[in-house]
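What the coordinates show
Spelled out, the chains give:
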Amino acid sequence: MPELAIARSGLPTRLFRSLRLPLNDRFAVFGLLIYLVFVVTALFADQIAPYDPTEILYTEDYDLAADMRPGQEGFILGTTSLGRDVFSQLVYGTRSALLIGVTAAFMVALIGSLVGLVSGYFGGWTDAVLMRLADIAFGIPFLPFVIVLAAFLEPSIWNVVLAMALVLWRDTARVIRSQVLTLRSRGYVDAARVAGSSDAKIILRHIAPNILPLSFLYGSIAIGWAILTEASISFLGFGDPESISWGYMLQDAFASQALAKQAYYWFVPPGLCIILVVSAGFFITRGYENILFPKLGR
Amino acid sequence: MAGAGMRPIDPIASEPLVSIRDVQLHYRMGGIFSAMRGRSSVVKAVDGVSFEIRRGESVGLLGESGCGKTSMGRLLLKLEEATGGEIVFAGEPVTALKRAALKRYRARAQLIFQNPFDAVNPRFSIRAALSEPLENAGIPAAEREGRIVKALELVRLPQPQQFLDRYPHQLSGGQLQRVVMARALILEPDFVVADEPVSMLDVSVRAGVLNVFRDVRDRLGLTAIYISHDLALVRYVCERTIVMYLGKVMEDGPTEDIVREPLHPYTQALVAAVPVPQPDQSHDPLPIGRGAPDPRNPPSGCVFRDRCPYAFERCPVEVPRLRQVGTRKVACHLFDDTTGKQ
């Protein structure tokens, strides 16, 4: 039967389709392209970066290669005051930025979706307890919370991820809960119940597929948030000194008075990268928004 | 007596299949804070309803919107938990069913939905939608396709094979309502609640769907409740009618008797409101008020008294009980022998 073959296409295709990437929106495609470039850079950082980002480099005359201008001695974007290669730091910074962004987004989308689904579907006391927890999470100021967390735990890039998982599920949960409330009252949910489907089955089959684009929407917002937060934390000096990130680069440049040295090559590239990744996330978000709320128009 | 004429009823089988005893569904409006200040109000969607349905009987639940007829249907299928009273199905209290027993009940009692466009998940093909009840009932995958085709043939969907891989939006309202009906019937239930199954359909396809419903019911010997606001439809489908108003039963009896000689003033108004296809015949609807009262704040005594043209001093004081009057039951002080008033 040929119809059957169409309905049961391969798992990768179906997974790709379930993402419902907003490919018909020019801004979203632009955002996806930026992401693609950064993902490729992060994956092949070892091949792309000419030096280890923490290695202190020397010129051919065995002098410290500090404060080199771009192009000087073959350093593409010059070097820092400690003689480290800015370009290599930028490339490796992509890796930690995306690592933080993706894991934080995953945690936020996952926890938020689960809480929203359970809260909206079961209602009653479950809903009341979970939503009061969300209220508490809404009351926590985010950046100070991350700083306190970093003070209690060892400085690590995972603090940001942990803090986001602990606090930022609130927005996702609220929005998904409200969506589940409307889905729950649809006739086909009652129909499934009358047909004898269990609650778990109803949630997984009839409700979850409809809130998936919303989860992705909040996930893509969280990517930008996570990268920005990590940059802020590193810039404030609470970051992980072992791992190179864009925020760390900015902090390093700031502490070394790069502006006074007019070393724009040092702090403009990481700043630009942050702006690009965060706005790419925003463009993709807009694309998802268009899928979810087509009537909004623009 | 009741049920005569439409189809023979097996005398052994005419014990009640469903008994509803003083069932209530009260909603508390407002949150816990207004409850603490004593400001919450209670909406009595269903308030002390009792009736019995014999095996093989079709009963119409008639009433205007907001009278609790849909809530009653949802209570019968345990889509809503009763806040009081008891529903007994084939000797088992439905209100207390849990897990496995509830699952068995789901296979025996089914619902036909009002809005076919909402009742089938738009992401599911017809095959997937109809597989769901079979899957839950543990029917092996190999048998499902045959059962699905059989069910679609039962509701007279021509060439059922060609619908299996279509999606709901590719079907017309009439076709989709037949699919909804097939889903309700696929597990061969004993008892079906039809909640205004044709109200969302074009007038041109209503008759077809109604006839399928009637035929299937007769062929499978189903016990059915048909919920509607339209007396003409109830008359076409059901031998017995229960008239509801603001969560209470007003009148309960053979449909033909009710149509020919409505006793309760509310039923009289409903019967008078049915358009007559004779323009010269004088037609004068009973002068009852336009809208039903606020359900949060119903009138004292008889809930219908503020719209009733015959209301007298006893109506605001005492809630009328459902009393046997001839072939039916009526809840109205006008028919209470103890006052001698008629």
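Everything numeric here is computed off the predicted structure, so don't read it as measured data.

**Some details on the overall build of chain A**
Regarding its fold elements, chain A presents 13 helices and zero strands. Listing every helix and strand of chain A by position from the N terminus yields α-α-α-α-α-α-α-α-α-α-α-α-α. Dimensions of chain A along its principal axes, counting C-alpha atoms only, are 80 × 50 × 35 Å. Evaluated residue by residue, chain A yields a buried proportion of 45% over its 298 residues. A fraction of 73% describes how many contacts in chain A between residues 6 or more apart in sequence connect residues 24 or more apart.

**Considering the overall build of chain B**
The helix and strand inventory of chain B stands at 11 helices and 12 strands. Expressed as a percentage of the 342 residues in chain B, the buried residues total 42%. For chain B, restricting intrachain contacts to residue pairs at least 6 apart in sequence, the fraction spanning at least 24 positions comes to 65%.

**Comments concerning the pairing of strand E10 (residues 248-254) of chain B**
All names here are of chain B. In terms of burial, E10 is a largely internal element, seven of the seven residues being buried. Inspection of the sheet shows strand E9 (residues 240-245) paired to E10 by six bridges, in the antiparallel sense. Looking at E10, one finds that Ile242 is bridged to Asp252. In this sheet, strand E12 (residues 328-330) lies alongside E10 in antiparallel orientation, the contact comprising two bridges. Following the sheet pairing, Glu251 is matched in E12 by Val330.

**A word on helix H3 (residues 26-43) of chain A**
All names here are of chain A. The terminal C-alpha atoms of H3, which comprises 18 residues, lie 26 Å apart, in line with the 26 Å expected from a rise of 1.5 Å per residue. Within H3 the residues assigned to the buried category are Ala28, Gly31, Tyr35 and Thr41. The buried residues of H3 occupy one face: seen down the axis, they fall within an arc of 145 degrees. Turned more than 90 degrees from where H3 packs its buried face, Arg26, Leu33, Leu36 and Val40 sit exposed. Next to the buried residues of H3 lie helix H4 (45-48), helix H5 (86-122) and helix H13 (264-292).

**Considerations on the pairing of strand E6 (residues 109-112) of chain B**
Residue and element names in this part refer to chain B. Both faces of E6 are covered, namely the face carrying Ala109 and Leu111 and the face carrying Gln110 and Ile112. By the bridge criterion, four bridges tie E6 to strand E7 (residues 191-195) in an arrangement that is parallel. Opposite Gln110, over in E7, you have Val192 as the bridge partner.

**Observations concerning the confidence of the model for chain B**
All names here are of chain B. For chain B, the mean per-residue pLDDT works out to 85, and 87% of the residues sit at or above 70. Contacts for the low-pLDDT stretch residues 1-13, under 50 throughout, to residues beyond four places or in other chains number 15 contacts. Predicted complex metrics record ipTM = 0.83 and pTM = 0.78.

**Observations regarding the interface of chain A and chain B**
Each partner contributes residues to the interface: chain A has 15 residues there, and chain B has 21 residues. Going through the elements one at a time, helix H1 (2-7), helix H10 (187-194) and helix H11 (199-235) of chain A are the ones with two or more residues in the side of chain A that touches chain B. In terms of residues, the side of chain A that touches chain B owes the most to one element, H10(A), which gives seven residues. Per-class residue counts for the side of chain A that touches chain B are seven nonpolar, four polar and four charged.

**Considering the packing of H5(A) against helix H8 (residues 158-167) of chain A**
Residues and elements named next belong to chain A. One can describe the packing of H5 onto H8 by two numbers: an axis separation of 8 Å at closest approach and a directional angle of 20 degrees. The pairing of H5 with H8 is recorded here as roughly parallel in orientation. In this structure, H5 crosses over H8, and the sense of that crossing is right-handed. Residues Ile100, Thr103, Ala104, Met107, Val108 and Ile111 of H5 pack against Val160, Val161, Met164 and Ala165 of H8. Class assignment of the residues belonging to the contact of H5 with H8 gives a composition of nine nonpolar, one polar and no charged.

**Quick notes on the sheet that holds strand E4 (residues 84-89) of chain B**
Residue and element names in this part refer to chain B. As summarised here, the arrangement of the four strands in space is E2-E1-E4-E5, forming an open sheet in which the pairing is antiparallel. Bordering the open sheet on either side are strand E2 (41-54) and strand E5 (92-93), each of which pairs with just one other strand. Inspection of the sheet shows strand E1 (residues 16-29) paired to E2 by 11 bridges, in the antiparallel sense. Paired with Val18 across the two strands is Ile53, which belongs to E2. Docked against the sheet, helix H2 (residues 69-76) engages E1, E2 and E4, running at close to 65 degrees with respect to E2.

**With respect to the sheet that holds E12(B)**
Residue and element names in this part refer to chain B. Read across the open sheet, the eight strands follow the order E6-E7-E8-E3-E9-E10-E12-E11; overall the sheet is mixed. Since the sheet does not close on itself, it has two edges, and those belong to E6 and strand E11 (323-325), each with one partner. Across the sheet, the mean angle from the axis of one strand to that of its neighbour is 25 degrees, orientation sign disregarded. Contacts from helix H7 (residues 173-185) reach E6 and E7 within the one sheet, and its direction differs from that of E6 by about 175 degrees.

**What to know about the environment of Tyr105(B)**
All names here are of chain B. Of note, Tyr105 is situated in helix H3 (residues 99-108). On the basis of neighbour count, Tyr105 is assigned to the partly exposed category, with 19 C-beta atoms found within 10 Å. Sequence separation of Tyr105 and Glu256 is 151 residues, and the distance between their C-alpha atoms is 32 Å. The contacts of Tyr105, once residues within four sequence positions are left out, are Phe89, Val94 and Leu97.

**So, the environment of Gly91(B)**
By the element assignment, Gly91(B) lies in the loop between E4 and E5. Sequence separation between Gly91(B) and Glu196(B) is 105 residues; the distance between their C-alpha atoms is 28 Å.

**Remarks on H10(A)**
Most of H10(A) is tucked away, with six of its eight residues classed as buried. Where H10(A) is buried, its residues meet helix H9 (169-184) and H11 of chain A together with H3, E6, helix H4 (116-119) and helix H5 (126-136) of chain B. A positive phi of about 95 degrees marks Gly196(A), the residue just after H10(A).

Rules behind the numbers
- Residues numbered from 1 in each chain as written.
- Chains lettered and ligands numbered in written order.
- Predicted model: local features only at pLDDT ≥ 70, side-chain atom pairs only at ≥ 80, totals over all residues.
- Helix = DSSP H or I, 4+ residues; strand = E, 2+ residues; numbered from the N terminus.
- Buried ≥ 20, exposed ≤ 12 C-beta atoms within 10 Å, placed from the backbone.
- Contact = placed C-beta atoms within 7 Å.
- Pairing = 2+ DSSP bridges.
- Expected span 1.5 Å × (residues − 1).
- Arc of directions from axis to C-beta.
- pLDDT = per-residue confidence, 0-100.
- Nonpolar A, V, L, I, M, F, W, Y, C, P; charged D, E, K, R; others polar.
- Axes fitted to C-alpha atoms, helices over the stretch in contact; angles between N-to-C directions.
- Parallel < 35°, antiparallel > 145°, perpendicular 65-115°, else oblique.
- Left-handed = near helix turned anticlockwise from the far one by under 90°.

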